[in-house]
Structures are given as structure tokens and as C-alpha cells.
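Structural features, examined
Below, each chain spelled out in residue letters.
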Amino acid sequence: MSFAQASGRSARIVAALTVAATTLILSPQPARAVEPYAGVYSNLNASALAIGTAGKEVGLFYNAYAGGGASRPDTVTVTIDLITIYKLNVRLKAATPGCTTTGMAITCTKRSDAVGDPDGDLELVFTPTTDAKVGDVGQVRVTTSAPGVDKEESTYRLAIAESGPDLRARRFKAESTPGGTVTFRPQFRNAGDRTAETLILYLGGDTFATYTDRFANCHYNPDPAFFGAVCVLRGVGVPVGGTVRTTAPLTVKVGDDVPGRTFAYYNAEVLEDNTGIVGWWDSWPKGNGSDLRFEGVDASVARDVDYADTQGNIAISTPPNPSDVAAIGATGSGSVGGTLKLRVGMTNKGPGYINGIGDSQGSDPDDPYNAGFRVTFPSGVQVTAVDENEYCRGLVDGKPDGSFNEPGRTAYHCIEWALGVGETYTVEFTVKITGPVGTAGTVVAHGGSSDPVPANNTAAVTVTAGGGNGGGGGGGGGLPITGANVALVSGAGAVLLAVGAGLFVAARRRRSVFVAD
């Protein structure tokens with residue numbers, strides 16, 4: 001296999017990783033929602049079906065979500081339409097609580113707070129119809145609904161593919177503590193109609209989850225800031241209908257600053273042959289341990305039918321890791337009519353990273369889980385400019401007025417979303433002294449699941465006005481105001497590993513998801 005051939009597969013791998021990452025985020029929520037919102041979603045974890053398969057098991061995820069202060073519906077229902085289904089047969093893998101099957105539909109109802117199986121809330125089995133042929137695209141319509149919200153109708157398409165292996169990865173859930181480890185054994189089942197002989201295995205994960213093993217037949221990214229590994233496994237031989245797993249567990253180290261959850265993943269690609277394997281990963285150094293091996297049998301070789309379900313995710317939950325957020329105030333002085341610059345903000349003193357995702361709240365700006373602060377300026381001071389590159393909403397009576405980075409407000413809510421341990425977030429305001437200055441204003445910082453030192457959440461904004469006209473000097477560095485913390489309550493709920501808003505969330509969370517390109 002040439003380098004070009006290996007590189008050409010990257011698009012399929014990236015597509016597969018995108019599907020799985022989408023599942024790991026799980027609720028399609030607006031990026032900057034201010035008004036309450038709620039809805040439902042579904043996700044079918046497959047995109048292709050081998051023409052000769054005796055039955056492909058596919059996980060279907062579905063649930064409800066809410067944010068912005070709205071309540072999540074208590075129950076959610078999914079319906080698989082059996083009337084309009086095209087080129088496919090589908091059935092439940094086994095009797096499932098809450099599910100019924102008629103000649104027209106499979107209907108299932110569950111509580112929205114129920115903990116689903118890592119492989120799906122439902123297990124469906126698909127086969128092609130007798131008249132299906134290679135190149136056809138099967139379709140199945142899924143409707144998701146819940147009381148008080150709009151229903152969602154989705155049409156999922158499964159391409160009818162040539163005969164070949166079709167691996168499905170097992171998903172896992174694990175619990176750990178910050179700085180702890182979890183172990184698991186990657187596992188694949190071949191739902192295709194030919195044996196999977198040689199595999200390329202990709203390992204990666206969130207920045208807070210790193211594989212610690214260093215296998216001799218795996219290449220490792222030399223950049224310590226971005227973990228990634230590629231393993232070439234010849235002679236695995238996953239038989240038709242068979243299941244294989246690694247002969248020994250793999251270990252994942254959880255970061256000390258993990259904010260409360262993280263994930264790792266493994267993904268396999270089946271090669272058409274096992275000779276002349278050359279890839280972009282060859283320049284990466286190999287590990288110095290034993291070889292990573294799967295239990296399997298030898299058989300004929302072929303290409304994998306469906307890359308959408310060959311990734312297994314390891315969802316790791318940890319106890320909430322608190323973040324000590326310290327407000328940064330400012331002091332300044334000048335004459336009436338003069339202007340000065342005041343820089344205020346916050347620092348995350350740890351131990352937890354603030355990942356900017358409140359449980360079940362997605363990217364709601366009002367969620368105190370996000371890193372941010374509220375600043376109120378003293379009377380006699382007028383804001384004339386806010387850094388246009390920041391995300392600061394004007395406040396009136398403590399509530400957002402719909403403006404962003406606009407002058408003229410006396411209070412602002414500025415949000416950074418994510419903030420690492422030891423990192424500082426500040427915003428510069430230009431202010432004009434318009435008259436006698438009143439008592440000091442305040443900066444109130446928030447972020448993370450909880451705060452072990454609430455006394456430093458608040459700092460003063462002090463401006464001193466002198467006589468006459470002219471400019472003045474200002475800056476940051478105001479001391480925290482000691483005393484009781486303001487009542488900022490963190491949101492809680494299930495992650496979902498939610499669909500839709502994943503791209504927005506991933507962009508602002510410190511995540512180094514390794515992809516094969």
C-alpha cells in the first residue's frame with residue numbers, strides 16, 4: 001500500500017470520528033442561547049450495510065435536552081416507521097422495556113434521565129431486503145417526540161455495500177478520580193459477510209484522557225501536547241459474526257485537572273491487503289513494550305463496509321473537580337471629563353479545568369459553570385469602549401439587554417467559556433469620569449462545578465476623581481473583597497454526549513481529539 005493510498009483513507013476515518021464525536025456531545029443546543037429552550041434528538045450509529053449480512057446490529061440513541069432555565073421533558077418517545085422504510089428490514093435485537101412493535105412501527109418510550117447503554121438506547125438489527133442490490137441506499141424514518149416540545153423527524157440512510165467485513169466497536173463507560181486511571185479491552189464484532197484480516201487501529205481522546213501503554217507495534221505522536229497512536233495489526237482475523245478483543249487491557253490516565261468528565265476512543269480500519277503497508281504515521285516513533293494483539297483467526301481479506309460504527313468511545317466520569325476562581329478588580333484616577341482604561345477579570349487557581357459545559361446546559365451563556373465574570377462600575381463613570389474581540393453582554397437590572405460589547409452600560413457579563421488552571425481572563429474597558437464618583441464597583445467571577453474558596457470571587461473597581469478636566473491613569477489589580485460568595489449555582493444534568501452543538505463546544509473546550517490526517 002502506498003503513502004497516497006494510506007492518506008486517501010483519512011477522509012473516511014475523519015468522517016467516522018466526526019460521527020462518534022457527535023454522539024459524544026449529544027444535544028443540538030444553540031451556541032448563544034439566552035431564552036429558555038428544549039427539544040429532542042436521535043442518532044443512528046451506522047451508514048452502510050453489507051449485501052450479504054445475516055444481520056447488522058446498530059445502536060440508536062435518543063433523548064430530550066433543555067437549557068436557559070427551561071425544564072427537560074420527563075419522558076421521550078422514538079418511533080421507527082416500518083411503512084415507509086426502503087430496501088431495509090429492521091427489528092429489535094431483543095425484547096426491550098418500554099418498546100412495542102406493530103406492523104406499522106417500533107415505538108419506544110423512556111425517561112429522559114435514564115442512563116442508557118453505551119452502545120445505544122436501543123439495539124436494532126438491519127438486513128437488506130431481497131430486492132436490494134449493491135449501490136442502493138436504504139432509508140428508515142425515525143420520529144422523536146416529548147411532551148411540550150416540537151418533534152424531530154430524521155431520515156437515516158444506509159448504503160447497500162459490496163460483500164466485506166463490517167466491524168462494530170464496543171463502547172464503554174468508566175468512573176475515575178482526577179489523576180486516576182481506567183482500563184478496558186477494545187472489542188470488535190464483525191457484522192459483515194467476510195473476515196476482517198489486517199487492521200489499522202487508531203487511539204486518541206480528550207486532552208484529559210491519555211493512553212499510557214507503549215506497544216511495540218504502535219506509532220506514537222512525538223508531540224506530548226497532542227496524544228495519538230496508530231497500530232498496525234496483521235493477522236487479526238475477525239470472523240464473520242465473531243467478536244475479538246485485545247489480549248490485555250489498555251490503560252487510560254485521567255488528568256489531574258479533569259473538569260468532571262472526559263473520553264478516550266479507539267477506531268479500526270480494515271485493509272484490503274496486508275503487504276507493503278506504508279502510512280503517514282511511519283515517522284512517529286514506536287513504543288518499547290510488547291505488541292498489542294487481538295484474539296482472532298486467519299481468513300480472506302477485504303475492505304470494511306461501514307466506517308461510521310468502527311469507533312469505540314470510553315466515556316469517563318469523575319467526581320466534580322472544583323475550580324477556585326479569583327476575581328481581578330481595578331483601580332484608576334483622573335479628572336472629571338478625563339478617560340482611563342480599566343482591565344478587570346478572573347484567574348482559575350484550580351485544581352479543576354473549567355471546560356465551559358454545564359451539565360445538560362450545553363453552551364448557555366447564563367450557565368455559571370462557564371468561566372466568566374460580571375462587572376459593575378461605580379456611579380460617575382461612563383463606559384465609552386469595550387474590547388470588540390470579547391464576549392461581553394450589557395446588563396440592565398442584572399439581566400442581559402441583548403447588546404454585545406457596546407458602550408454606555410453600567411454593568412456587563414463577560415464570558416470566556418473555558419479556562420485552564422493558572423490561566424487568566426481579562427477585558428479592558430475604556431471609561432470616562434463624568435462627575436463625582438460613588439462607592440466602588442465590583443467584579444464577581446464564576447465558573448466550574450464548585451468553588452473551594454468563595455472569599456476571592458469578588459474584587460473592587462475603584463475610581464478616584466480629582467478636580468478640573470483632563471486624563472487619568474488606571475489598570476488592574478484590585479484586591480478581592482472578602483466575605484460571602486454571591487449565589488451562583490452550577491447547572492447539573494447528563495452529558496450526553498450530545499449531537500449538534502458539538503462543534504461549537506469542541507471549539508471552546510481544551511480538547512485534542514486526534515484524527516487520522
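Everything that follows concerns the structure shown earlier in this document.
It should be emphasised that the depicted structure is a prediction, and the values quoted were computed from it without experimental measurement.

In this section: the sheet that holds strand S7 (residues 99-101). Judged by pairing direction, the sheet is mixed, and its six strands sit side by side in the order S3-S11-S10-S5-S8-S7 without closing on themselves. On the outer flanks of this sheet lie strand S3 (48-50) and S7, each paired with one strand and no other. Looking at each pair of strands side by side, their axes are set apart by 20° on average, direction ignored. Sheet topology places strand S5 (residues 75-81) next to strand S10 (residues 137-145); four bridges connect them, and they run antiparallel. Looking at S10, one finds that Thr77 is bridged to Ser145.

This part covers the state of the cysteines. On inspection of all chains with the given rule, the structure shows three disulfides. Residue Cys99 pairs covalently with Cys108 via a disulfide, S to S 2.1 Å. Looking down the S-S bond of the Cys99 and Cys108 bridge, the torsion is 115°, so its handedness is right-handed. An identical accessibility class is assigned to Cys99 and Cys108; each is buried. Note on cysteine connectivity: Cys218 is disulfide-linked to Cys231, with sulfurs 1.9 Å apart. An S-S torsion of about 105° defines the bridge between Cys218 and Cys231 as right-handed. Taken as a pair, Cys218 in strand S18 (residues 218-220) and Cys231 in strand S19 (residues 229-233) lie far apart in primary sequence, 13 residues in all. Relative accessible area serves as the criterion here: at 0%, Cys231 is assigned to the buried category.

Here we take up the pattern of salt bridges. This model, assessed by the stated rule, comprises 15 salt bridges. Taking the shortest distance from any N to any O, the salt bridge between Lys87 and Asp131 comes out at 3.3 Å. Of the two residues, Lys87 is situated in the loop between S5 and strand S6 (88-92) and Asp131 in the loop between strand S9 (122-128) and S10; the sequence distance between them amounts to 44 residues. By relative accessible area, which is 12% here, Lys87 ends up buried. For Lys151, the salt bridge goes to Glu153, with nearest N and O atoms at 3.6 Å. Using a relative accessible area of 49% as the deciding quantity, one classes Glu153 as partly exposed. A cluster of three or more residues bridged by salt bridges with shared partners is formed by Glu57, Lys93, Glu123 and Arg168.

Another aspect to go through is the nonpolar core. Formed by 38 residues in total, the largest nonpolar core has its most connected members in Phe188, Leu201, Leu203, Tyr211 and Tyr266. A total of four residues in this core trace back to one element, the largest contributor, which is strand S22 (residues 261-270).

Attention now goes to the environment of Glu57. Looking at the secondary structure, you find Glu57 in strand S4 (residues 56-67). Judged by its relative accessible area of 16%, Glu57 is buried. Put simply, Glu57 and Thr127 are 70 residues apart on the chain and 9.3 Å apart in space, counted from C-alpha to C-alpha. Here Glu57 is in contact with Lys93, Glu123, Leu124, Val125, Arg168 and Arg189, once residues within four sequence places are set aside.

Calculation criteria
- Residues numbered from 1 in each chain as written.
- Predicted model: local features only at pLDDT ≥ 70, side-chain atom pairs only at ≥ 80, totals over all residues.
- Heavy atoms only, no water.
- Pairing = 2+ DSSP bridges.
- Helix = DSSP H or I, 4+ residues; strand = E, 2+ residues; numbered from the N terminus.
- Axes fitted to C-alpha atoms, helices over the stretch in contact; angles between N-to-C directions.
- Disulfide = S-S within 2.5 Å.
- Buried < 20%, exposed > 50% of the residue type's maximum accessible area, 1.4 Å probe, protein only.
- Salt bridge = Lys/Arg side-chain N within 4 Å of Asp/Glu carboxyl O.
- Core = buried A, V, L, I, M, F, W, Y, C linked by side-chain atoms within 4.5 Å.
- Contact = heavy atoms within 4.5 Å.

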